[in-house]
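Here is what each chain is made of, one letter per residue.
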Amino acid sequence: MSFLPDMDAPSLGYVVTATREGGLDLFDLDGALKTRHAGARLTGIATAPGFQLRGESLPLVFGASPDNDAVFGYAVVREGARVLDLPIETVEPVDGVAGLCLHREGTGFVDLVVLGTGAHAEIWRVQDAGADTLSVERVRDFALSAPARQCTSFDGDIYTASPAGGLTRLSSDGSILAENNFPATSLAVEE
(Lines give C-alpha, C1' and ligand atoms only; values in the text may rest on other atoms or scores of the structure.)
Protein backbone atom coordinates (compact mmCIF):
# COMPACT_ATOMS: atom_id res chain seq x y z
CA MET A 1 0.00 0.00 0.00
CA SER A 2 1.20 3.50 -0.80
CA PHE A 3 -0.12 7.05 -0.85
CA LEU A 4 -0.30 8.92 -4.15
CA PRO A 5 -0.98 12.56 -3.24
CA ASP A 6 -2.38 15.12 -5.64
CA MET A 7 0.46 17.68 -5.80
CA ASP A 8 -2.04 20.56 -6.03
CA ALA A 9 -4.47 19.26 -3.39
CA PRO A 10 -3.03 16.39 -1.27
CA SER A 11 -6.44 15.61 0.19
CA LEU A 12 -7.58 14.57 -3.29
CA GLY A 13 -4.89 11.90 -3.54
CA TYR A 14 -5.30 8.14 -3.73
CA VAL A 15 -4.29 5.17 -1.65
CA VAL A 16 -2.81 2.55 -4.00
CA THR A 17 -2.88 -1.11 -2.98
CA ALA A 18 -1.68 -4.31 -4.60
CA THR A 19 -4.36 -6.97 -4.47
CA ARG A 20 -3.78 -10.59 -3.48
CA GLU A 21 -5.20 -11.71 -6.85
CA GLY A 22 -2.99 -9.30 -8.80
CA GLY A 23 -3.23 -5.76 -10.10
CA LEU A 24 -3.88 -2.47 -8.34
CA ASP A 25 -6.79 -0.84 -6.55
CA LEU A 26 -7.13 2.94 -6.15
CA PHE A 27 -9.07 4.27 -3.17
CA ASP A 28 -9.90 7.86 -2.32
CA LEU A 29 -8.99 9.11 1.16
CA ASP A 30 -12.46 8.24 2.43
CA GLY A 31 -11.79 4.58 1.59
CA ALA A 32 -14.09 4.38 -1.44
CA LEU A 33 -12.79 2.20 -4.26
CA LYS A 34 -12.25 4.44 -7.31
CA THR A 35 -10.88 1.90 -9.79
CA ARG A 36 -9.46 -1.60 -10.08
CA HIS A 37 -6.70 -2.39 -12.59
CA ALA A 38 -5.98 -6.03 -13.46
CA GLY A 39 -2.38 -7.17 -13.66
CA ALA A 40 0.43 -9.15 -12.10
CA ARG A 41 0.63 -9.90 -8.38
CA LEU A 42 2.90 -7.26 -6.80
CA THR A 43 4.87 -7.50 -3.56
CA GLY A 44 6.06 -3.89 -3.39
CA ILE A 45 4.70 -0.58 -4.65
CA ALA A 46 6.45 2.76 -5.17
CA THR A 47 4.67 5.96 -6.18
CA ALA A 48 6.06 9.00 -7.98
CA PRO A 49 3.33 11.65 -7.66
CA GLY A 50 5.12 14.53 -9.38
CA PHE A 51 6.61 12.82 -12.44
CA GLN A 52 6.84 15.09 -15.50
CA LEU A 53 6.22 13.23 -18.76
CA ARG A 54 6.64 15.40 -21.86
CA GLY A 55 5.89 18.51 -19.80
CA GLU A 56 2.73 17.11 -18.20
CA SER A 57 2.40 15.99 -14.62
CA LEU A 58 1.61 12.28 -14.68
CA PRO A 59 1.64 10.33 -11.39
CA LEU A 60 3.38 6.96 -11.71
CA VAL A 61 3.19 3.72 -9.76
CA PHE A 62 5.83 0.98 -9.93
CA GLY A 63 5.43 -2.55 -8.66
CA ALA A 64 7.72 -5.54 -8.06
CA SER A 65 6.46 -8.88 -9.35
CA PRO A 66 8.60 -11.79 -8.12
CA ASP A 67 6.33 -14.23 -10.00
CA ASN A 68 7.40 -12.58 -13.27
CA ASP A 69 10.87 -11.50 -12.08
CA ALA A 70 9.92 -8.02 -13.31
CA VAL A 71 9.22 -4.41 -12.43
CA PHE A 72 5.98 -3.04 -13.85
CA GLY A 73 5.01 0.59 -14.30
CA TYR A 74 1.61 2.25 -14.31
CA ALA A 75 0.44 5.80 -15.06
CA VAL A 76 -2.50 7.25 -13.14
CA VAL A 77 -4.84 9.62 -14.96
CA ARG A 78 -6.50 11.55 -12.17
CA GLU A 79 -9.52 12.53 -14.24
CA GLY A 80 -11.69 9.46 -14.09
CA ALA A 81 -9.23 7.64 -11.78
CA ARG A 82 -7.82 5.55 -14.61
CA VAL A 83 -4.72 3.35 -14.43
CA LEU A 84 -2.74 2.68 -17.62
CA ASP A 85 0.09 0.22 -18.18
CA LEU A 86 3.29 2.24 -18.53
CA PRO A 87 5.70 1.24 -21.28
CA ILE A 88 9.14 0.97 -19.64
CA GLU A 89 12.27 -0.84 -20.72
CA THR A 90 13.00 -4.10 -18.90
CA VAL A 91 14.64 -3.80 -15.49
CA GLU A 92 17.09 -6.72 -15.25
CA PRO A 93 18.64 -6.98 -11.78
CA VAL A 94 21.44 -9.53 -11.43
CA ASP A 95 19.67 -11.23 -8.51
CA GLY A 96 16.02 -11.19 -9.62
CA VAL A 97 13.16 -9.08 -8.23
CA ALA A 98 11.81 -9.58 -4.69
CA GLY A 99 10.60 -6.05 -3.85
CA LEU A 100 11.11 -2.36 -4.50
CA CYS A 101 10.66 1.14 -3.13
CA LEU A 102 11.12 4.72 -4.24
CA HIS A 103 14.53 6.14 -3.49
CA ARG A 104 14.02 9.61 -4.95
CA GLU A 105 12.10 11.49 -7.60
CA GLY A 106 13.53 14.33 -9.67
CA THR A 107 12.60 16.26 -12.78
CA GLY A 108 11.95 13.64 -15.46
CA PHE A 109 13.35 10.69 -13.49
CA VAL A 110 12.59 8.28 -10.67
CA ASP A 111 15.19 6.26 -8.77
CA LEU A 112 13.91 2.91 -7.50
CA VAL A 113 15.58 0.54 -5.05
CA VAL A 114 15.06 -2.98 -6.42
CA LEU A 115 15.61 -5.76 -3.89
CA GLY A 116 17.01 -9.00 -5.24
CA THR A 117 15.97 -12.50 -4.23
CA GLY A 118 19.31 -12.90 -2.47
CA ALA A 119 21.21 -10.45 -0.25
CA HIS A 120 21.50 -7.82 -2.96
CA ALA A 121 19.93 -4.47 -3.93
CA GLU A 122 20.22 -2.18 -6.93
CA ILE A 123 19.17 1.38 -7.64
CA TRP A 124 17.56 1.81 -11.07
CA ARG A 125 16.77 5.13 -12.72
CA VAL A 126 13.60 5.32 -14.81
CA GLN A 127 13.44 8.41 -17.02
CA ASP A 128 11.77 9.97 -19.99
CA ALA A 129 14.41 10.09 -22.72
CA GLY A 130 11.88 11.00 -25.45
CA ALA A 131 11.42 7.45 -26.80
CA ASP A 132 8.20 5.42 -26.93
CA THR A 133 9.15 3.70 -23.66
CA LEU A 134 10.68 5.12 -20.50
CA SER A 135 14.35 4.21 -20.34
CA VAL A 136 15.97 2.41 -17.40
CA GLU A 137 19.56 2.44 -16.19
CA ARG A 138 21.26 0.67 -13.29
CA VAL A 139 22.81 3.45 -11.21
CA ARG A 140 24.27 1.47 -8.33
CA ASP A 141 24.25 -1.98 -6.77
CA PHE A 142 25.35 -3.24 -3.38
CA ALA A 143 25.28 -6.26 -1.11
CA LEU A 144 22.95 -6.50 1.87
CA SER A 145 23.70 -8.27 5.15
CA ALA A 146 20.62 -10.49 4.58
CA PRO A 147 18.00 -10.90 1.84
CA ALA A 148 15.40 -8.11 2.16
CA ARG A 149 11.80 -8.23 0.99
CA GLN A 150 10.66 -4.68 1.75
CA CYS A 151 12.25 -1.27 1.74
CA THR A 152 11.53 2.42 2.09
CA SER A 153 13.68 5.51 1.97
CA PHE A 154 13.92 8.76 3.87
CA ASP A 155 16.30 11.69 3.54
CA GLY A 156 18.59 9.73 1.20
CA ASP A 157 18.87 6.67 3.45
CA ILE A 158 17.38 3.28 2.59
CA TYR A 159 15.63 1.12 5.19
CA THR A 160 15.19 -2.60 4.53
CA ALA A 161 13.23 -5.35 6.28
CA SER A 162 14.51 -8.89 6.11
CA PRO A 163 12.75 -11.99 7.44
CA ALA A 164 16.15 -13.34 8.54
CA GLY A 165 18.16 -10.21 9.32
CA GLY A 166 15.69 -7.70 10.78
CA LEU A 167 15.87 -3.98 10.01
CA THR A 168 18.78 -2.23 8.35
CA ARG A 169 19.44 1.44 7.59
CA LEU A 170 21.80 1.99 4.64
CA SER A 171 23.29 5.02 2.95
CA SER A 172 22.52 5.45 -0.75
CA ASP A 173 25.85 3.77 -1.60
CA GLY A 174 24.92 0.67 0.44
CA SER A 175 27.00 1.34 3.57
CA ILE A 176 25.31 -0.01 6.69
CA LEU A 177 24.44 2.83 9.08
CA ALA A 178 22.43 0.85 11.64
CA GLU A 179 21.03 -2.66 12.15
CA ASN A 180 18.54 -4.25 14.53
CA ASN A 181 17.58 -7.92 14.55
CA PHE A 182 13.94 -6.95 15.16
CA PRO A 183 11.64 -8.91 12.79
CA ALA A 184 9.28 -6.69 10.80
CA THR A 185 6.61 -7.36 8.20
CA SER A 186 5.95 -3.77 7.07
CA LEU A 187 8.04 -0.62 6.87
CA ALA A 188 7.24 3.07 7.07
CA VAL A 189 9.59 5.95 7.88
CA GLU A 190 8.45 9.42 8.87
CA GLU A 191 10.10 12.48 10.35
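The paragraphs below set out a description of the structure included in this document. Keep in mind that what you see is a predicted model, and the values were worked out from it rather than measured.

What follows deals with the pairing of strand 11 (residues 99-106). Consecutive side chains along a regular strand alternate between the two faces of the sheet. For strand 11 and strand 12 (residues 109-115), the ladder comprises seven bridges, and the chain directions are antiparallel. Counterpart to Leu100 in the pairing with strand 12 is Val114.

With that settled, consider the sheet that holds strand 11. Spatially, four strands are ordered 11-12-13-14 in an open sheet, and the strand pairing comes out antiparallel. Of all strands in the sheet, those bounded by a partner on one side alone are strand 11 and strand 14 (135-143). Taking each pair of neighbouring strands and ignoring which way they run, the sheet shows an average axis angle of 20°. Here eight bridges tie strand 13 (residues 120-127) to strand 14, and the two strands are oriented antiparallel to one another. Note on strand 14: the bridge partner recorded for Glu122 is Asp141.

As a further point, take the packing of aromatic side chains. Scanning the model with the defined rule gives zero aromatic pairs in all. Across from the ring centre of Phe109, 4.0 Å away, lies the NZ or CZ of Arg125, which sits over that ring.

Moving on: the sheet that holds strand 10 (residues 82-86). With antiparallel pairing, four strands are arranged side by side in an open sheet as 5-8-9-10. In this open sheet, the two edge strands, each paired with only one partner strand, are strand 5 (44-48) and strand 10. With direction set aside, neighbouring strand axes in the sheet form an average angle of 25°. Summarising the sheet, strand 9 (residues 70-77) and strand 10 pair through five bridges and their orientation is antiparallel.

What follows deals with the pattern of salt bridges. Side chains that carry opposite charge are capable of pairing whenever their charged atoms lie near each other. Taken as a whole, this structure holds six salt bridges when the rule is applied. Of the charged contacts, one joins Asp111 and Arg104 as a salt bridge, the two residues approaching to 3.2 Å between their closest N and O atoms. Note that Asp157 and Arg169 form a salt bridge whose closest N and O atoms lie 2.6 Å from each other. Pair noted here: Asp157 is in strand 16 (residues 157-162) and Arg169 is in strand 17 (residues 166-170), with a separation of 12 residues, a long-range link. Here the residues in one salt-bridge network are Arg104, Asp111 and Arg125, joined through shared partners.

Turning our attention to the state of the cysteines. Under the defined criterion, the tally for this structure stands at one disulfide. Two residues, Cys101 and Cys151, share a disulfide whose sulfurs are 2.2 Å apart. Its torsion about the S-S bond being -115°, the disulfide of Cys101 and Cys151 is classed as left-handed. Residue Cys101 is located in strand 11, and its partner Cys151 is located in strand 15 (residues 150-154); the two are separated by 50 residues in the primary sequence. With a relative accessible area of 4%, Cys101 lands in the buried category.

Take the nonpolar core next. Leu60, Phe62, Val71, Leu86, Leu112, Val126 and Leu134 are the most contacted members of the largest nonpolar core, which totals 21 residues. Listing elements by their share of this core, those giving two or more residues are strand 5, strand 8 (60-65), strand 9, strand 12 and strand 13. For Leu134, the residues in contact, after removing those within four places along its chain, are Phe51, Leu53, Leu60, Leu86, Pro87, Ile88, Glu89, Val126, Gln127 and Asp128. Within the second largest apolar cluster, 12 residues are counted, among which are Leu24, Leu42, Val76 and Ala81.

Conventions used here
- Residues numbered from 1 in each chain as written.
- Predicted model: local features only at pLDDT ≥ 70, side-chain atom pairs only at ≥ 80, totals over all residues.
- Heavy atoms only, no water.
- Pairing = 2+ DSSP bridges.
- Helix = DSSP H or I, 4+ residues; strand = E, 2+ residues; numbered from the N terminus.
- Axes fitted to C-alpha atoms, helices over the stretch in contact; angles between N-to-C directions.
- Phe/Tyr/Trp six-rings, centres within 6.5 Å; stacked < 30°, edge-to-face > 60°.
- Lys NZ or Arg CZ within 6 Å of the ring centre and 35° of its normal.
- Salt bridge = Lys/Arg side-chain N within 4 Å of Asp/Glu carboxyl O.
- Disulfide = S-S within 2.5 Å.
- Buried < 20%, exposed > 50% of the residue type's maximum accessible area, 1.4 Å probe, protein only.
- Core = buried A, V, L, I, M, F, W, Y, C linked by side-chain atoms within 4.5 Å.
- Contact = heavy atoms within 4.5 Å.

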